[in-house]
Amino acid sequence: MNSSDFIEEIRRLKKEKNAVIMAHYYQATEIQEIADFVGDSLALAQWAAKTDADIIVICGVHFMGETAKILSPNKKVLVPDASAGCSLADSCPADEFEKFIKDHPGYKVISYVNTTAAVKALTDVVVTSTNAKQIVETFDKDEKIIFGPDRNLGNYINSVTGRNMLLWNGACHVHEKFSVEKIKSLKKIYPNAKVLVHPECKKNIVELADKVGSTAALLKYATNNDCKEFIVATESGILFEMQKANADKVFIPAPPEDDTCACNVCDFMRQNTLEKLYNCLKNETPEILIDEKLQKQAVKPIKKMLEISEKLGL
Ligand code: 13P
Ligand code: SF4
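Parameters and conventions
- Residues numbered from 1 in each chain as written.
- Chains lettered and ligands numbered in written order.
- Predicted model: local features only at pLDDT ≥ 70, side-chain atom pairs only at ≥ 80, totals over all residues.
- Heavy atoms only, no water.
- Pairing = 2+ DSSP bridges.
- Helix = DSSP H or I, 4+ residues; strand = E, 2+ residues; numbered from the N terminus.
- Axes fitted to C-alpha atoms, helices over the stretch in contact; angles between N-to-C directions.
- Salt bridge = Lys/Arg side-chain N within 4 Å of Asp/Glu carboxyl O.
- Buried < 20%, exposed > 50% of the residue type's maximum accessible area, 1.4 Å probe, protein only.
- Arc of directions from axis to C-beta.
- Contact = heavy atoms within 4.5 Å.
- Near = heavy atom within 4 Å.
- Polar contact = N/O pair within 3.5 Å; in protein donor to acceptor, adjacent residues only side chain to side chain.
- Areas by Shrake-Rupley, 256 points an atom, 1.4 Å probe, with all protein chains shown as cover.
- Nonpolar A, V, L, I, M, F, W, Y, C, P; charged D, E, K, R; others polar.
- Phe/Tyr/Trp six-rings, centres within 6.5 Å; stacked < 30°, edge-to-face > 60°.

A. Representation of the sheet that holds strand β2 (residues 37–39) in the model. The strand order β2-β1-β3-β4 describes an open sheet built from four strands, whose pairing is parallel. The open sheet has two free edges, formed respectively by β2 and β4 (76–78), since each of these has just one partner strand. Each strand axis lies, on average, 20° off the axis of its neighbour in the sheet, ignoring direction. As judged from the three bridges shared by strand β3 (residues 55–59) and β4, these two strands associate in the parallel manner. Looking across to β4, one finds that I56 is bridged to V77.

So, in structure tokens, the structure goes:
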């Protein structure tokens, strides 16, 4: 079968099975094109909580499938490739995080959505990069808070909220790879370009930013800004939506430190292919399954995040 056969079959199966395909902005272009919804981590959770489809296919990484299943336990949640992980989620094993929490009694626990269900079950409230600042600000200024697992996002949120949250020492290998020198060189070629940076990047990259934000926030900024050129320091999949919404603007992917390629991709996200998506819809596997007790614990901090986000209009 070739790409157009897969596309035709995916469309047919989707209809036949009342399935919905939700894709993260970091997916390959052909996956974004066939998805019913394309969004950031927060939007994927919001849509998964609301959909009336019988089957949800999450084209992203494993924790995104888990989050959808936790929110919609009675629906079948499928992922094209169950081995598509996340270096950030992997940097925070639940048993070690539990020990860290026990070693710091009296602390509230805020976890980034890029975590396993077991870590979410240890958490008071989940956040994404779209709502982290606002959710942290719902806590009293002197509240003692553990924030995990992303040290870069945690440092950034500390800096913009004036908090001193205790940070878990995890990171995303993709966002830690950007090069200050290469962004500065690009700025020489495109002196008017605005620099867009995801808060999972290191502080020295964040310092170069005209705008720091989640994928959705960066897309919105690029769309609403009069500038015609943007250097984008996040996974390069977002460039597809940026370009689609702004045909008259130029988006330049910020390169990683090594010389392997001109842009920065998350290999986990790119494990999903049209063929795997087709097979997943056809065979209804790999399916995300979560133990009922774990689901009941993990759903609380995610629902709390969704409630706060709704109140804040996010
Ligand atoms: P957002 O979708 O919240 O911008 O997060 C990016 C990310 O790294 C997802 O894995
Ligand atoms: Fe995880 Fe980083 Fe890939 Fe996002 S980009 S899924 S944080 S490894």
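B. Representation of the pattern of salt bridges within the structure. Within this structure, the stated rule accounts for 15 salt bridges. In this structure, the salt-bridge partner of K102 is E98, at a minimum N-O distance of 3.7 Å. Remark: E98 and K102 occur in helix α6 (residues 94–102); sequence separation between them is four residues, near one turn of the helix. Taken together, the shared-partner salt bridges in this structure form one network comprising E9, R12 and E16.

C. Representation of helix α12 (residues 215–224) in the model. All of the buried residues in α12 are T215, L218, L219 and A222. What you see down the axis of α12 is that its buried residues fit within an arc of 100°, all on one side. In α12, the exposed positions angled more than 90 degrees off the buried face are occupied by K220 and N224. Buried residues along α12 sit in contact with β1 (19–24), β9 (194–197), β10 (211–212), β11 (229–233), α13 (238–245) and β12 (250–253).

D. Geometry of the site of ligand 1. Around ligand 1, 14 residues are found, and the nearest of them are H24, S129, H198, E200 and T215. Contact distances for ligand 1 include 3.2 Å between an oxygen atom and a side-chain N or O atom of N114. Between an oxygen atom of ligand 1 and a main-chain N or O atom of T215, the distance comes to 2.9 Å. Out of a free accessible area of 300 Å², ligand 1 has 96% covered by protein chains. Taken together, the residues of the shell around ligand 1 sort by class into five nonpolar, seven polar and two charged.

E. Representation of the site of ligand 2 in the model. Around ligand 2, the neighbouring residues are Y26, V61, C86, S87, N114, C172, H173, H175, E200, C266 and M269. Within the shell around ligand 2, the residues separate by chemical class into six nonpolar, four polar and one charged.

F. Representation of the sheet that holds β11 within the structure. Taking strand neighbours across the sheet as the criterion, the four strands line up as β10-β9-β11-β12 in an open arrangement whose pairing is parallel. The sheet terminates laterally at β10 and β12, the two strands that pair on one side only. Direction of pairing for β11 relative to β12: parallel, over a ladder of four bridges. Bridging from a neighbouring strand, E229 pairs with V250 of β12. Across the face of the sheet, α12 comes into contact with β9, β10, β11 and β12 while running at roughly 165° to β9.

G. View of the packing of aromatic side chains. Going through the model one piece at a time under the given rule, you end up with five aromatic pairs. With 5.5 Å between their ring centres and 50° between their planes, F6 and Y278 make a pair best called tilted. You can see F6 sitting in helix α1 (residues 3–16) and its partner Y278 sitting in helix α14 (residues 274–283), a full 272 residues away along the chain. You can call F6 buried: its relative accessible area is 9%. Among the aromatic residues, ring-to-ring pairing joins F97, F100 and W168 into one connected group.

H. Spotlight on unusual backbone geometry. In this structure, the amide linkage connecting G148 to the following residue, P149, adopts the cis form with an omega of -5°. Residue P286 is reached from T285 by a cis peptide bond, and omega for that bond is 0°. Relative to the elements of secondary structure, P286 occurs in the loop between α14 and α15 (292–311). Positive phi, normally seen in glycine, also occurs at N18, with a value near 50°. Among the structural elements, N18 can be located in the loop between α1 and β1. The backbone phi angle of E284 is positive, close to 55°, even though this residue is not glycine.

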